[in-house]
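# Analysis of the macromolecular model
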Amino acid sequence: MTCRLSVLAALLPASLALSACGGADSEPDNSGAGGSATASWEGEALTLERVRCRALPGGEEWTITASGPQTDIQVRYWRDGDGGYDTSEASVRLELMDDNWRVLERYAAQGAALDSAQEDRASGEIHLMPHHDSGVGEVRPDGGTLRFDITC
């Protein structure tokens, strides 16, 4: 598989370029067949329709992404020395978007401990703080609590 968006991908931030290109050539695309996700943000249920799990290039980092019409949750964690996964140092990002996929709010946590993480599942209850980028609208200044359970 070759990234057909290579020129555009080069102009995007790394995380967006990886999404646009679909990851490494050798990685399978687990884009939601049989996957499920539930999540709530500050007690309000989020609509999630697609799940994708894959190793990032190099294979040391694993990512699970769940997305819906106005929501994107990405969880990343790393393999430990014995081939398992380190559930104590995950990064979690939540993006809330409008109908045109423009990010209105972005929240993140680094070094978060997950309740469960393995190659095909991640879950947890995590306090996320605002992640400010240009173009992102108003955010909750104190962040909020994300509860999630994502299975590929």
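A brief look at the structure comes next. What you see is a predicted model; the values in this text were computed from it and never measured.

### Remarks on the packing of aromatic side chains
Across all of its chains, the model carries 1 aromatic pair by this definition. Taking the centre distance of 4.6 Å and the plane angle of 40 degrees together, the rings of Trp41 and Tyr107 count as tilted. Of this pair, Trp41 sits in strand β1 (residues 36–41) while Tyr107 sits in strand β7 (residues 103–112), and the two are 66 residues apart along the sequence. Look at Trp41 and you get buried, because its relative accessible area is 5%.

### Some thoughts on the nonpolar core
Ranked by internal contacts, the top residues of the largest apolar core, which has 31 residues, are Tyr77, Leu114 and Leu146. Secondary structure elements with two or more residues in this core: β1, β3 (50–55), β4 (61–67), β5 (71–79), β6 (85–97), β7, β9 (121–130) and β10 (144–151). Looking at this core element by element, the count peaks at 5 residues for β6. Not counting chain neighbours up to four residues away, the residues in contact with Leu114 comprise Val75, Tyr77, Thr87, Ala90, Val92, Ala122, Ser123, Ile126 and Phe148.

### Overview of the pairing of β3
Here 6 bridges tie β3 to β4, and the two strands are oriented antiparallel to one another. The residue of β4 that forms the bridge with Val51 is Ala66. What sits between β3 and β4 in their antiparallel hairpin is a turn of 5 residues, with Gly58 showing a positive phi close to 105 degrees.

### Details of the state of the cysteines
Note on terminology: disulfide describes a covalent bond linking the sulfur atoms of two cysteines. The tally for this structure, following the rule as stated, stands at 1 disulfide. Linked covalently through their sulfurs, Cys53 and Cys152 form a disulfide whose S-S length is 1.3 Å. With Cys53 in strand β3 and Cys152 in the segment after β10, this residue pair connects regions lying 99 residues apart in the sequence. You can call Cys53 buried: its relative accessible area is 1%.

### Section: unusual backbone geometry
Located in the positive-phi region is Glu42, a residue other than glycine, with phi close to 55 degrees. Among the secondary structure elements, Glu42 is positioned in the loop between β1 and β2 (44–45). Given a relative accessible area of 39%, Glu42 falls into the partly exposed group. A positive phi angle is found at Trp101, which is not glycine, with a value near 65 degrees. If you trace the backbone, Trp101 turns up in the loop between β6 and β7. Look at Trp101 and you get partly exposed, because its relative accessible area is 46%.

Procedures and definitions
Residues numbered from 1 in each chain as written. Predicted model: local features only at pLDDT ≥ 70, side-chain atom pairs only at ≥ 80, totals over all residues. Heavy atoms only, no water. Phe/Tyr/Trp six-rings, centres within 6.5 Å; stacked < 30°, edge-to-face > 60°. Helix = DSSP H or I, 4+ residues; strand = E, 2+ residues; numbered from the N terminus. Buried < 20%, exposed > 50% of the residue type's maximum accessible area, 1.4 Å probe, protein only. Core = buried A, V, L, I, M, F, W, Y, C linked by side-chain atoms within 4.5 Å. Contact = heavy atoms within 4.5 Å. Pairing = 2+ DSSP bridges. Disulfide = S-S within 2.5 Å.

Everything listed here is a matter of geometry and, on its own, says nothing about what the molecule does.
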